[in-house]
Amino acid sequence: MDKKVTIVGAGMTGSTTAHWLADKEIADLVLVDVVDGMPQGKALDMQEAMPIIGKDVTITGTNDYGPTAGSDIIVITAGLPRKPGMSRDDLLAANTAIVSKVAEETIKLSPDAIYIVLTNPLDVMTYLTWKKTGIPANRVIGQAGVLDSARMRAFVAMELGVSVENINCYVLGGHGDSMVPLTRHSNVAGVPLNKTMSKERLDAIVDRTRKGGGEIVSLLKQGSAFYAPAAGVAQMAEAILKDKQLIVPAAVYMQGEYGLKDIYFGAAAQLGANGVEKIIEYELNDDELAELQKSAQGVAKNIAALGL
Ligand code: APR
């Protein structure tokens, strides 16, 4: 294929991202990991599935960066996942070292790539990738909002028994427990969410959305969610490769939106061939704005801790 997507970190989210992307048949794929033989084994296994699903995608596994040269998109999922009782922020020190190295190595061989970051703590690791690659901020995006919004959509669908396709939810802010599900802007086939269920039920869905990642971590007991995060990356990569101009919530570089500057933070972003083509700013009331600003303070604190 004429497009190439590299996924660094061939663990649960990395290999699942490759799986979703292979099914879309939009790019050849390169899986990179530090574990000897693992990315090669997963890539070969997936390659052998292609005749069954009828997709002409080449999937390469490697422990070095050579085969990543000339990638259109680099996905970073390398790093440690959470264990029960850990917050995403607890991963900061370990994942800073890993993501820094990945960003520096990959940009040398793919200077025109667009980056999609998945490693947690997400907003901070996306900022770090932007700094370490030195490329314009529109070409570095974090995957979080697609996932958080999809969780909220799934919970609304379960509650109402309506197709997920009819449900539009928008979760902004940092990818942590202070994320901001925008209930006023969310709707079911155009009907505002608060007209479809009681305040108690809606509050419960907002709370479950905020704690959605933790719910999976405590069920799995080792590792964190991977199907839905990986599906989020695949949707973003497709939007970029096909220049769809798709609007999704994502971690993007703020330049004054909602009064925020110099942080990566969840906002509605229009994705196309240039990465972030535009940030869409909603009209928020004072309460919503205050929640966003509180969430931003947590992200800013962690970014400052990077000492860049
Ligand atoms: N270069 C390449 N790969 C690396 C490096 C590195 N420097 N360091 C670690 N890895 C690899 C590991 O070997 C492992 O295979 O990253 C992979 C991570 O996979 P998992 O442990 O299965 O974790 P996963 O669930 O995929 O989560 C990865 O994404 O969603 C976030 O919070 C999650 O930060 C975590 C990341």
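All of these numbers come straight from a predicted model, not from anything done at the bench. (Residues numbered from 1 in each chain as written. Predicted model: local features only at pLDDT ≥ 70, side-chain atom pairs only at ≥ 80, totals over all residues. Heavy atoms only, no water.)

Visitor: Explanation requested: the overall build of the protein chain in the structure shown.
Guide: A count of helices and strands for the protein chain gives nine helices and 14 strands. For a compact globule of 308 residues, the expected C-alpha radius of gyration is about 19 Å, and the protein chain comes in at 19 Å, within 12% of that figure. The principal-axis extents of the C-alpha atoms in the protein chain amount to approximately 55 × 45 × 40 Å. By residue count, 52% of the 308 residues in the protein chain fall in the buried class. (Helix = DSSP H or I, 4+ residues; strand = E, 2+ residues; numbered from the N terminus. Rg over C-alpha atoms; globule rule 2.2 N^0.38 Å. Buried < 20%, exposed > 50% of the residue type's maximum accessible area, 1.4 Å probe, protein only.)

Visitor: How should the domain arrangement of the protein chain be read in this particular structure?
Guide: Accessible area lost when the parts come together is the quantity often used to give the size of an interface. Here the protein chain is described as being made up of domain 1 (4-142) and domain 2 (145-306). Inter-centroid distance (C-alpha atoms) of domain 1 to domain 2 is 22 Å. Residue-level contacts link 38 residues of domain 1 with 46 residues of domain 2. Both faces combined, the contact of domain 1 with domain 2 buries some 3,400 Å², and carbon together with sulfur accounts for 73% of it. Looking only at domain 1, the three residues that lose the most surface to domain 2 are R88, D123 and Y127, adding up to 19% of its buried area. Joining domain 1 to domain 2, the criterion identifies one salt bridge. (Domains from an automatic or database assignment. Contact = heavy atoms within 4.5 Å. Buried area = accessible area lost by both parts, 1.4 Å probe. Salt bridge = Lys/Arg side-chain N within 4 Å of Asp/Glu carboxyl O.)

Visitor: What is the right way to read the packing of aromatic side chains from this model?
Guide: To describe a pair of aromatic rings, one takes the distance between the centres and the angle between the planes. Tallied over the full model, the rule gives seven aromatic pairs. Seen from their ring centres, W130 and Y253 are 4.4 Å apart, and the 40 degrees between their planes marks the pair as tilted. Of this pair, W130 sits in helix α4 (residues 122-133) while Y253 sits in strand β12 (residues 246-255), placing them 123 residues apart in sequence. Its relative accessible area of 14% is what places W130 among the buried residues. A residue is classified by how much of its surface remains accessible, and Y253, at 15% relative accessible area, is buried. Ring-pair connections join several aromatic residues into one group, and the members of that group are Y127, W130, Y253 and Y264. (Phe/Tyr/Trp six-rings, centres within 6.5 Å; stacked < 30°, edge-to-face > 60°.)

Visitor: Even after reading the chapter, I still don't get the site of the ligand, so can you show me in this structure?
Guide: Near the ligand you find 20 residues, and of these M12, T13, D33, L80 and N120 are the closest. Here an oxygen atom of the ligand and a side-chain polar atom of D33 are 2.6 Å apart. Separating an oxygen atom of the ligand from a backbone N or O atom of L80 is a distance of 2.9 Å. Protein chains shield 85% of the accessible area of the ligand, which is 720 Å² for the free molecule. (Near = heavy atom within 4 Å. Polar contact = N/O pair within 3.5 Å; in protein donor to acceptor, adjacent residues only side chain to side chain. Areas by Shrake-Rupley, 256 points an atom, 1.4 Å probe, with all protein chains shown as cover.)

Visitor: So what exactly am I meant to see when it comes to the sheet that holds strand β7 (residues 167-168) here?
Guide: Hydrogen bonds between backbone atoms are what pair the strands of a sheet, whose relative direction is either parallel or antiparallel. Strand order across the open sheet formed by three strands is β7-β10-β11, with antiparallel pairing between neighbours. Both edges of this open sheet fall to β7 and β11 (191-192), since each of them pairs with a single strand only. Note that β7 and strand β10 (residues 187-188) share two bridges and pair antiparallel. What sits directly across from N168, in β10, is N187. (Pairing = 2+ DSSP bridges.)

Visitor: Quick question: what am I supposed to make of the packing of helix α5 (residues 145-160) against helix α6 (residues 199-210) here?
Guide: A pair of packed helices can be characterised by two numbers: the angle between their axes and the separation between those axes. One can describe the packing of α5 onto α6 by two numbers: an axis separation of 9 Å at closest approach and a directional angle of 145 degrees. Seen along the crossing, α5 lies across α6 with a hand that is right-handed. Contacts between α5 and α6 involve D148, M152, F155, V156, M158 and E159 on the former and, on the latter, R201, I205, R208 and T209. Residue composition of the contact of α5 with α6, grouped by class: five nonpolar, one polar and four charged. (Axes fitted to C-alpha atoms, helices over the stretch in contact; angles between N-to-C directions. Left-handed = near helix turned anticlockwise from the far one by under 90°. Nonpolar A, V, L, I, M, F, W, Y, C, P; charged D, E, K, R; others polar.)

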